[in-house]
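Survey of secondary and tertiary structure
These are the residues of each chain, in order.
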Amino acid sequence: MAMVTFVDETTSGARTEAGGLSVAEERLALRELIRRRVERETAPEAAEREFARAVEAFGRNGFLVLVGDRQVEELDDEVELGPGVEVTFLKLVPLVGG
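Values in this document were obtained by computation on a predicted structure and should not be read as measured data. The numbers attached to residues start from 1 for each chain and follow its sequence in the written order. Per-residue local features of the predicted model are confined to residues with pLDDT of at least 70, and side-chain atom pairs are confined, for both listing and counting, to 80 or more; whole-chain, interface and lining totals are unaffected and use all residues. Based on all heavy atoms of the structure, the side-chain values leave hydrogens and waters out of the count.

1. Here we look at the sheet that holds strand 5 (residues 70-72)
Our working definition: Two strands pair under a simple rule: DSSP has to find at least two bridges between them. Numbering of helices and strands runs from the N terminus; a helix is a DSSP stretch of H or I covering at least four residues, while a strand is a stretch of E covering at least two. Angles here are taken between N-to-C directions and fall from 0 to 180 degrees, while the axes themselves are lines fitted to C-alpha atoms, restricted in helices to the stretch in contact. The contact rule is simple, with two residues in contact once any of their heavy atoms fall within 4.5 Å.
An order of 2-1-7-4-5 is seen for the 5 strands of this open sheet, with the pairing classed as mixed. Both outer strands of the open sheet, strand 2 (15-23) and strand 5, are each paired with one neighbouring strand and no more. Pairs of neighbouring strands in the sheet enclose a mean axial angle of 25 degrees, with direction left out of account. Both strand 1 (residues 2-10) and strand 7 (residues 86-91) contribute to a ladder of 6 bridges, which runs parallel. Residue valine 7 lies in a different strand from strand 7, and its bridge partner there is threonine 88. Taken strand by strand, helix 2 (residues 47-59) contacts strand 4 (63-67) and strand 5, and its axis lies near 90 degrees from that of strand 4.

What follows is the structure, encoded as structure tokens:
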């Protein structure tokens, strides 16, 4: 079982540890990893709605995900979840005026 560490980061360089998650699988689709994080951080009755919002935000480039130092570009891409892997959610901020 691997422990995944979540980190939230902004383009200004601010980093916040966002907890961890024990994962039994060695590989997992990014979509499932996002689902598990959302379920861990929200009330059960809000989890599905918040998961849909996260998927929509990812699809419109509201944030990107780095696993280790590799960017995961598709929700169905599988990621390696070795011991101590860090998953960074980098929130992107649109440029003013465009």
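2. Looking at unusual backbone geometry
In this structure, asparagine 61 takes a positive phi of about 65 degrees despite not being glycine. As for its position among the elements, asparagine 61 is in the loop between helix 2 and strand 4.

3. Some words on the pattern of salt bridges
Just so we agree on the cut-off: Within this document, salt bridges are pairs made up of a side-chain nitrogen of Lys or Arg and a carboxyl oxygen of Asp or Glu, the two lying within 4 Å of each other. Three labels apply to residues, based on accessible area from a 1.4 Å probe with only protein chains included: buried if under 20% of the type maximum, exposed if over 50%, partly exposed otherwise in between.
As enumerated under the stated definition, the model contains 15 salt bridges in all. Residue glutamate 32 pairs with arginine 35 through a salt bridge whose shortest N-O separation is 3.8 Å. With glutamate 32 and arginine 35 both in helix 1 (residues 30-41) and 3 residues apart, the pair spans about one turn of that helix. Glutamate 32 sits in the partly exposed class, given a relative accessible area of 26%. The shortest N-O distance in the salt bridge between arginine 35 and glutamate 48 comes to 3.1 Å.

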